[in-house]
Amino acid sequence: MPGTKLDEIDRMILAELQADGRMTNVELAKRVGISAPPCLRRVRTLEEQGFIQGYHAEVNSRELGFEVQVFAMVGLVSQAEIDLSAFEKRCAGWPLVRECHMLNGEVDFILKCVAPDLRTFQRFLTEELTSADNVASVKTSLVIRGAKDEPGVPFDVLEARLAQEA
């Protein structure tokens, strides 16, 4: 099971950093109950092993003038791996696309897009997305409001699962 090679302190470090990635190593060490030097070594190891993929600031898109958020469901003509990879690469180059996920089911991809206004998104939709190679269909849904946006994973669920298996 993923996560089993991590001990309880590693999982506590990850949970604390997920909640507040800006805390100092000294504060982190205090919260997880170890001294600062081994805490820093553990953090570096978690980074090297890929458990920590980066540190980010959560910015307010509306305060920065990005008033429009849209989910675009994209169907492709071909689902051959080379075509899926080509579409993913194309998405990586579109600044308005903030997330791209390949799905199983009625649509091939869902894209989370942001734009300063509807005109900018419409231009992207008609000039870039729908005209891209291999795109068969695009359905969009405009976000009215968000009720939850919780990054990362629920560590309490992980700990409960590990406790059941012990």
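Chains are numbered independently. Their residues run from 1 in the order of the written sequence. Local features in a predicted model are, by the rule used here, given only for residues with pLDDT of at least 70; side-chain atom pairs are given and counted only at 80 or more, and totals for whole chains, interfaces and linings are based on all residues. Side-chain calculation: all heavy atoms of the structure are included, whereas hydrogens and water are not.

The protein chain is annotated in an unreviewed UniProt entry as AsnC family transcriptional regulator from Yoonia maritima.

A. Local environment of a nonpolar patch on the surface. In this scheme, patches are assembled from residues that exceed 30% relative accessible area and form no salt bridge. Like charges are connected within 9 Å, while nonpolar side chains (Val, Leu, Ile, Met, Phe, Trp, Tyr) are connected within 5 Å. In this description, accessible areas are obtained by the Shrake-Rupley approach with a 1.4 Å probe, and a residue is regarded as covered only by the protein chains that are shown. What makes a salt bridge here is a side-chain nitrogen of Lys or Arg within 4 Å of a carboxyl oxygen of Asp or Glu, nothing more. Side chains of Val59, Leu64 and Phe66 sit close together on the surface and give an oily, nonpolar patch of about 290 Å² of accessible area. Within the secondary structure, phenylalanine 66 sits in the loop between α3 (36-48) and β1 (68-76). Each residue is assigned to one of three classes by its accessible area relative to the maximum for its type, calculated with a 1.4 Å probe on protein chains only: buried under 20%, partly exposed between the two thresholds, exposed over 50%. A residue is classified by how much of its surface remains accessible, and phenylalanine 66, at 31% relative accessible area, is partly exposed. Put simply, DSSP marks the helices as runs of H or I at least four residues long and the strands as runs of E at least two long, and each gets a number from the N terminus on.

B. Broad picture of the environment of valine 74. On the secondary structure map, valine 74 appears in strand β1. Take valine 74: its relative accessible area is 0%, and that puts it in the buried class. Valine 74 sits 48 residues away from valine 26 along the chain, and the two C-alpha atoms are 46 Å apart. When residues no more than four places from it in sequence are discounted, the contact partners of valine 74 are Phe87, Val107, Asp108, Phe109, Leu111, Leu129, Val135, Ser137 and Val138. Contact criterion: two residues are considered in contact whenever any of their non-hydrogen atoms come within 4.5 Å of each other.

C. Spotlight on the nonpolar core. In terms of nonpolar packing, the biggest core is built from 21 residues, with Val74, Phe87, Trp94, Leu111, Phe121, Phe124 and Leu129 touching the most fellow members. At the level of elements, β1, α4 (81-92), β3 (109-115) and α5 (118-129) are the ones that each hand at least two residues to this core. Here this core takes five residues from β1, the largest share from any one element. Only buried Ala, Val, Leu, Ile, Met, Phe, Trp, Tyr and Cys residues count toward a nonpolar core, and they belong to the same one when joined by side-chain atoms within 4.5 Å. Within the second largest apolar cluster, 16 residues are counted, among which are Ile13, Leu14, Val32 and Leu46.

D. The arrangement of the UniProt feature "domain: HTH asnC-type" (unreviewed entry) in the protein chain in detail. UniProt positions are given in the numbering used here, feature names are shortened, and annotations may be inferred rather than shown by experiment. Those residues carrying the UniProt feature "domain: HTH asnC-type" (unreviewed entry) are residues 6-67 in this numbering. Measuring from the first to the last C-alpha atom of residues 6-67 gives 41 Å, for a span that is 53% helix and 0% strand.

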